[in-house]
Amino acid sequence: MIDDIAEILDEWKTEVMPRVRVGIKELRAEYPDFERERRTEYLKGRMEEMIFKTFYLMNDYDDLSKGNDVDSRLFVGGQIIGSIKTIRKLQGEIIALRRPEGTNKNEITEDMKQRAREVPFESLLPGELKRGRCACPIHGGKNVMSFEVKDNRGKCYSCHWSGDTVQFVMDTQGKNFPDAVRYLIA
Ligand SMILES: [Zn+2]
């Protein structure tokens, strides 16, 4: 049994994995200036396919576990291991593509996050605070006591929203995290 698995893994190592590598190499050669993002999208797509494939293989494996067909089970098990390896490889490449090369213009640094969180919460509110409270801008209630600002964080006692300035901008303006940070420190 152990030998069979080793054999299957060998096959993956010697045949399948090199094919994946060659595939990636060919793609690079075909698109010498393949944009980072396009490539990442492509890899993500492949990863998604592999995840689906693995999911189905795992179902097959579960079904086979109920029977006596040990060979099939070992084969599917080997395929699962191979798929997982491929997924890890794709993931590794995606991470490598993400790694900023020196200065990345789009990068959100810790310092930027810090500055965004220090923007006075009050300045983001439509009205004024009275004794640290106001009507909740998140759920739009009328109770002027429901929303509290404390330690530059907001909290609603009615809808139970709570968050910092970044979260507030994300939730009231529909921005994603990096855009909310940029908006706050602009
Ligand atoms: Zn609320």
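Calculation criteria
- Residues numbered from 1 in each chain as written.
- Predicted model: local features only at pLDDT ≥ 70, side-chain atom pairs only at ≥ 80, totals over all residues.
- Helix = DSSP H or I, 4+ residues; strand = E, 2+ residues; numbered from the N terminus.
- Buried ≥ 20, exposed ≤ 12 C-beta atoms within 10 Å, placed from the backbone.
- Contact = placed C-beta atoms within 7 Å.
- Domains from an automatic or database assignment.
- Pairing = 2+ DSSP bridges.

A. Structural view of the overall build of the chain. From N to C terminus, the chain includes 6 helices and 4 strands. The order of α-helices and β-strands along the chain, N terminus first, is α-α-α-α-β-β-β-β-α-α. With the C-alpha coordinates aligned to their principal axes, the bounding extent of the chain is approximately 75 × 45 × 20 Å. Here the chain holds 186 residues, and 13% of them are scored as buried. Sequence separation of 24 or more characterises 47% of the internal contacts of the chain that already satisfy a separation of 6 or more.

B. Up close: the domain arrangement of the chain. Along its sequence, the chain is organised into domain 1 (2-98) and domain 2 (110-185). Put simply, the middle of domain 1 and the middle of domain 2, counted by C-alpha atoms, are 44 Å apart.

C. The arrangement of the pairing of strand β2 (residues 147-150) in detail. Two elements, strand β1 (residues 133-134) and β2, share 2 bridges in a ladder whose sense is antiparallel. Paired with R133 across the bridge in β2 is E148. Strand direction decides the pairing type here: β2 and strand β3 (residues 153-156), joined by 4 bridges, are antiparallel. Note on β3: the bridge partner recorded for E148 is K155.

D. Molecular detail of the sheet that holds β3. A sheet is described by the order of its strands in space; here 4 strands give the open sequence β1-β2-β3-β4, paired in antiparallel fashion. The strands lining the two open edges of the sheet, one partner per strand, are β1 and β4 (162-163). One ladder, built from 2 bridges, connects β3 with β4; its direction is antiparallel. Residue pairing for β4: K155 is matched across the bridge by S162.

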